[in-house]
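# Structural description and commentary
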Amino acid sequence: MAICDVCGNDYDKAFRLTQGGRSGTFDSFECAIHAFAPRCAHCECRIVGHGTEADGRMYCCAHCARHAGVEGVADRV
Ligand SMILES: [Zn+2]
Ligand SMILES: [Zn+2]
């Protein structure tokens, strides 16, 4: 049994995630995303896909990166 760090649910199929120097226990990907996913520096949505990193900031897509003034980024399709 493990308790979710985000919602406190005690769930037998909870899992642990490690990213860089931090880790957490979650009962669902929704809670894991809430705790771990970065926010787009332009539209502030949660970045669940690959995203785009430019100048040390994360964007959900190249469109947002370009809006924020980043040159030379393109979504890979
Ligand atoms: Zn949870
Ligand atoms: Zn965005």
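### Observations concerning the environment of Arg-16
Relative to the helices and strands, Arg-16 resides in strand S3 (residues 15-19). Classification of Arg-16 as exposed rests on a relative accessible area of 56%. Residues contacting Arg-16, with those up to four places away along its chain left out, are Ser-23, Gly-24 and Thr-25. Side chain to side chain, Arg-16 and Ser-23 meet in a polar contact 2.9 Å long.

### Some remarks on the coordination of the zinc ion (ligand 2)
Each protein donor to the zinc ion (ligand 2) is listed here as Cys-40 (SG), Cys-43 (SG), Cys-60 (SG) and Cys-64 (SG); together their distances run 2.3 to 2.4 Å. Viewed at the metal, the four donor atoms of the zinc ion (ligand 2) are separated by angles of 106 to 115 degrees, and the geometry they form is tetrahedral. Among the residues examined, Cys-40 registers a relative accessible area of 2% and is labelled buried.

### Quick word on the side chain of Thr-25
Along the chain, Thr-25 turns up in strand S4 (residues 22-26). At 2.6 Å, the side chain of Thr-25 forms a polar contact with the side chain of Arg-16. If near-sequence neighbours (up to four positions away) are discounted, Thr-25 is found in contact with Ala-2, Ile-3, Cys-4, Asp-5, Ala-14, Phe-15 and Arg-16.

### Things to note about the coordination of the zinc ion (ligand 1)
Surrounding the zinc ion (ligand 1) are the protein donor atoms Cys-4 (SG), Cys-7 (SG), Asp-27 (OD) and Cys-31 (SG), at 2.1 to 2.3 Å. Every donor counted, the four donor atoms about the zinc ion (ligand 1) form angles of 95 to 122 degrees at the centre, which fits tetrahedral coordination. Read in sequence order, the donor residues coordinating the zinc ion (ligand 1) give the pattern C-x2-C-x19-D-x3-C. Grouping residues by exposure puts Asp-27 and Cys-31 together as buried.

### Here we look at the domain arrangement of the chain
Entries for the chain in the domain assignment read domain 1 (1-36) and domain 2 (38-77). Taking the mean C-alpha position of each, domain 1 and domain 2 sit 25 Å from one another.

Calculation criteria
Residues numbered from 1 in each chain as written. Chains lettered and ligands numbered in written order. Predicted model: local features only at pLDDT ≥ 70, side-chain atom pairs only at ≥ 80, totals over all residues. Heavy atoms only, no water. Helix = DSSP H or I, 4+ residues; strand = E, 2+ residues; numbered from the N terminus. Buried < 20%, exposed > 50% of the residue type's maximum accessible area, 1.4 Å probe, protein only. Contact = heavy atoms within 4.5 Å. Polar contact = N/O pair within 3.5 Å; in protein donor to acceptor, adjacent residues only side chain to side chain. Donors = N, O, S within 2.8 Å, 3.2 Å for Na, K, Ca; no water. Tetrahedral: all angles 85-135°; square planar, octahedral: opposite > 155°, others 65-115°. Domains from an automatic or database assignment.

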